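Inside the fold
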Amino acid sequence: MSIENARNHLKKYGKDGDIIEFSSSSATVKEAAADLNTEEGRIAKSMSFMLSSGPVVILAAGDEKIDNRKFKDTFHEKARMIGPDQVEEIIGHPVGGVCPFGVKDGVTVYLDQSLRRFDYVYPAAGSRNSAIKLTIPELEETSEYKSWVDVTKLPEGQGA
């Protein structure tokens, strides 16, 4: 079970008891922000892409969108999201529960600069109704990320 993989991963950092489980779905940024009574930007959404080198998960602020030009400049190829029917098989978590904790071997995790404007964020924790509150240093440690990237932009009409 995906949440158990995330829980086992977070146990290495003493954070397994910090997972928040909801009685309803928190699978979308909007749902998670409402469940947590926080702004959408603090939801660290996990987006799954397939690169020629293998699958990647990029965590970004919930109010940001992928900037295709920045993505291509960073990874030297077009952004190709993994299809919803393949995400769990490739990444190890279902759509709506994708997180950097307990992903399958070969999945590389990146953190987007958009998260740096917050002192803490809420990534999912392996299921469509879970999250965990982490400071940015805690997210860096527990995500076992490869590097910070800058591949997002705020949607038109929104300010930072």
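Predicted model, so just to flag it, every value in this text is computed and none were measured.

A few points about the overall build of the protein chain
- When helices and strands are tallied, the protein chain shows five helices and ten strands.
- Its C-alpha radius of gyration of 14 Å places the protein chain within 12% of the 15 Å reference for a compact globule of 160 residues.
- Viewed in the frame of its principal axes, the protein chain has a C-alpha envelope of about 40 × 35 × 30 Å.
- Out of the 160 residues in the protein chain, the part that is buried amounts to 51%.
- Of the contacts formed within the protein chain by residues at least 6 apart in sequence, a portion of 64% connects residues at least 24 apart.
- Approximately 7,900 Å² of the protein chain is accessible, and the part contributed by carbon and sulfur atoms is 45%.

Let's talk about the sheet that holds strand 8 (residues 134-135)
- Read across the open sheet, the six strands follow the order 8-6-2-3-5-9; overall the sheet is mixed. Across the chains shown, the open sheet's two edge strands, defined by having one partner strand only, are strand 8 and strand 9 (147-149).
- Packing of helix 2 (residues 29-36) onto the sheet brings it into contact with strand 2 (43-51) and strand 6 (120-123), and relative to strand 2 it is tilted by some 155 degrees.
- Against the sheet, helix 3 (residues 68-75) contacts strand 2, strand 3 (54-61), strand 5 (108-112) and strand 9, and its axis sits at roughly 60 degrees relative to strand 2.

A look at the UniProt feature "domain: YbaK/aminoacyl-tRNA synthetase-associated" (unreviewed entry) in the protein chain
- The UniProt record annotates "domain: YbaK/aminoacyl-tRNA synthetase-associated" (unreviewed entry) at residues 26-140.
- Between the first and last C-alpha atoms of residues 26-140 the distance is 22 Å; the span itself is 23% helix and 29% strand.

Some details on the packing of aromatic side chains
- With the rule as written, the count across this model stands at five aromatic pairs.
- With a centroid separation of 4.8 Å and an interplanar angle of 45 degrees, the aromatic rings of Phe-71 and Phe-75 are classed as tilted. With Phe-71 and Phe-75 both in helix 3 and four residues apart, this pair spans about one turn of that helix. A single burial state applies to Phe-71 and to Phe-75, both of which are buried.
- A ring pair is formed by Phe-75 and Tyr-110, whose centres lie 5.0 Å apart and whose planes are at 75 degrees; its orientation type is edge-to-face. Taken together, the residues span a long stretch of sequence, with Phe-75 in helix 3 and Tyr-110 in strand 5 at a distance of 35 residues. Residue Phe-75 shares its accessibility class with Tyr-110, and that shared class is buried.
- Linked through ring pairs, Phe-49, Phe-71, Phe-75 and Tyr-110 together constitute an aromatic cluster.
- The ring of Trp-148 has Arg-116 lying over it, and the distance from NZ or CZ to the ring centre is 3.9 Å.

Structural notes on helix 3
- A distance of 3.0 Å separates the backbone nitrogen of Arg-69 from a side-chain oxygen at the start of helix 3, and that oxygen is part of Asp-67.
- Once helix 3 finishes, His-76 follows within two positions and takes phi at roughly 65 degrees, a positive value.

Rules of the game
- Residues numbered from 1 in each chain as written.
- Predicted model: local features only at pLDDT ≥ 70, side-chain atom pairs only at ≥ 80, totals over all residues.
- Heavy atoms only, no water.
- Helix = DSSP H or I, 4+ residues; strand = E, 2+ residues; numbered from the N terminus.
- Rg over C-alpha atoms; globule rule 2.2 N^0.38 Å.
- Buried < 20%, exposed > 50% of the residue type's maximum accessible area, 1.4 Å probe, protein only.
- Contact = heavy atoms within 4.5 Å.
- Areas by Shrake-Rupley, 256 points an atom, 1.4 Å probe, with all protein chains shown as cover.
- Pairing = 2+ DSSP bridges.
- Axes fitted to C-alpha atoms, helices over the stretch in contact; angles between N-to-C directions.
- UniProt positions renumbered as here; feature names shortened; annotations may be inferred.
- Phe/Tyr/Trp six-rings, centres within 6.5 Å; stacked < 30°, edge-to-face > 60°.
- Lys NZ or Arg CZ within 6 Å of the ring centre and 35° of its normal.
- Polar contact = N/O pair within 3.5 Å; in protein donor to acceptor, adjacent residues only side chain to side chain.

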